[in-house]
Amino acid sequence: MNANRARSQKPKGSNTSVAGLEFTKMHGIGNDFIVVDAVTRPIPAGDLASLSREINDRRRGVGGDGLILVMKGDNAPFRMRMLNPDGSEAEMCGNGIRCVARYVRDRGLTDSRLIPIETGAGLLELGIEDGGQRVRVNMGPARLLRGEIPMTGPKSETATGFEINAAGRPFKATAVNMGNPHVVIFTENVAEVPLEELGPAIENHPLFPERTNVHFVQVISPGRLLQRTWERGAGATLACGTGACAVLVAAYVNGLSDRAATITLPGGELVIEYEPDGTVFMTGPAEFVYDGYYERI
């Protein structure tokens, strides 16, 4: 059986409550999500935070880096809501939104190759490429001011090359908002970074009132960067799409990269472009894994 099209035996139309729901497991370069169609089968609001904590549990639930609800938009055909494994809601998710674009296209919710999708970070436009295998996303503008991240300090000051102390160690960092907050730290050997120690220390640092995603980056060349990520509300993940965008922007403004580069993450590669007007584009794959039914006990 093709795992990409494996289906549960539960009948269609069974999404009548958050007690049980049909879902599709998808991933973008290893960043995996539980995707729920709330367009044709709306689910009650319920306690979505609790549902996300349960269903994303890799031992007692389905397991994933986030719960994604594909919904009808107010000013676009679709809207994405994404909840982290800790129950918090993310404004945006780069790998997740590529999965949403492929989901609505492959599942017949649209036949358009150019798909606008609402997110907590605003309206984004996605293009389907390579016969549906890859998705290019206009991620909107990168924001570099402290007040935009958000972080403490003078709101109009650029958050580039500031010092941060975490786990008793000093680092020079750059912060970028790509619809959600990111901190980028460059290092000579990304494989040696104690991510499980430094990630949560920086995520919860007092500098960031809404917490932050954390990325350690090794520059291989101006056109290639290596990234390891600690995601806010999720922990260490194989990939982070908005994070890869932040990494390229941070590398460019620090004179370490070109405006376009391939970002290599543990789960795969993304191509990121930083336009002169500040707009960032991300291109990468989105894959189906399987369909299933989750019943809460």
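Residues numbered from 1 in each chain as written. Predicted model: local features only at pLDDT ≥ 70, side-chain atom pairs only at ≥ 80, totals over all residues. Heavy atoms only, no water.

Caption draft 1: View of the pairing of strand 7 (residues 122–129). Across six bridges, strand 6 (residues 114–119) lies against strand 7 in antiparallel orientation. From the neighbouring strand, L114 faces strand 7, where its bridge partner is G127. What sits between the antiparallel neighbours strand 6 and strand 7 is a turn of two residues. Hairpin remark: strand 7 followed by strand 8 (residues 134–141), antiparallel, with four residues in the connecting loop; positive phi at D130, about 55 degrees. (Pairing = 2+ DSSP bridges. Helix = DSSP H or I, 4+ residues; strand = E, 2+ residues; numbered from the N terminus.)

Caption draft 2: How the structure looks around unusual backbone geometry. I149 connects to P150 through a cis peptide bond whose omega is 0 degrees. In this structure, P150 sits in the loop between strand 8 and strand 9 (162–166). In this model, I29 sits at a positive phi of 40 degrees, which is unusual for a non-glycine residue. Judged by its relative accessible area of 5%, I29 is buried. For R211, which is not glycine, the phi dihedral falls at a positive 65 degrees. Inspection of the secondary structure puts R211 in the loop between helix 3 (195–203) and strand 12 (213–221). (Buried < 20%, exposed > 50% of the residue type's maximum accessible area, 1.4 Å probe, protein only.)

Caption draft 3: Main features of helix 3. Looking only at helix 3, the buried set comprises L195, L198, G199, I202 and E203. The buried residues of helix 3 occupy one face: seen down the axis, they fall within an arc of 125 degrees. In this fold, the buried residues of helix 3 make contact with strand 9, strand 10 (169–177), strand 11 (181–186), strand 12, strand 13 (224–231) and strand 14 (235–237). (Arc of directions from axis to C-beta. Contact = heavy atoms within 4.5 Å.)

Caption draft 4: Seen up close, the nonpolar core. In terms of nonpolar packing, the biggest core is built from 53 residues, with V70, I117, I263, I272 and V280 touching the most fellow members. At eight residues, helix 4 (residues 241–253) tops the list of elements feeding residues into this core. Among residues more than four places away in sequence, those in contact with V280 are V137, N138, M139, G140, A142, M178, C245, V249, I272, E273 and Y274. In this structure, I164, A175, I185 and V190 belong to the second largest nonpolar core, which totals 21 residues. (Core = buried A, V, L, I, M, F, W, Y, C linked by side-chain atoms within 4.5 Å.)

Caption draft 5: Spotlight on the packing of aromatic side chains. Per the counting criterion, the structure on display carries three aromatic pairs. The aromatic ring of F162 is capped on one face by R146, whose charged end is 5.7 Å from the ring centroid. Above the face of the Y274 ring, R259 is positioned so that its terminal group lies 5.1 Å from the ring centre. (Phe/Tyr/Trp six-rings, centres within 6.5 Å; stacked < 30°, edge-to-face > 60°. Lys NZ or Arg CZ within 6 Å of the ring centre and 35° of its normal.)

Caption draft 6: Examining the environment of M178 more closely. Its place among the elements puts M178 in the loop between strand 10 and strand 11. Residue class for M178 comes out buried when judged on its relative accessible area of 3%. Residue contacts for M178: discarding those within four places in its chain leaves M139, G140, P141, A142, T242, C245, A246 and V280.

Caption draft 7: Representation of the pattern of salt bridges in the model. Tallying each qualifying case throughout the model produces 16 salt bridges. A salt bridge links R41 to D37, with the nearest nitrogen and oxygen atoms 3.9 Å apart. For the residue pair R41 and D37, the accessibility class agrees, reading buried in each case. Notably, a salt bridge pairs R211 with E203, separated by 2.9 Å at the nearest N-O pair. For R211, a relative accessible area of 23% translates into the label partly exposed. Taking the relative accessible area as the measure of exposure, E203 reaches 6% and is therefore buried. (Salt bridge = Lys/Arg side-chain N within 4 Å of Asp/Glu carboxyl O.)

Caption draft 8: Local environment of the side chain of K25. Of note, K25 is situated in strand 1 (residues 20–28). A polar atom in the side chain of K25 sits 3.0 Å from the backbone oxygen of G63. Residues in contact with K25, not counting those within four places in the same chain, are D32, F33, I34, V62, G63, G64, E287, F288, V289 and Y290. (Polar contact = N/O pair within 3.5 Å; in protein donor to acceptor, adjacent residues only side chain to side chain.)

Caption draft 9: Local environment of the side chain of R102. Looking at the secondary structure, you find R102 in helix 2 (residues 94–106). Assessed through its relative accessible area of 8%, R102 is described here as buried. With residues near it in sequence (within four places) discarded, R102 still touches M26, I128, G132, Q133, A286, E287 and F288.

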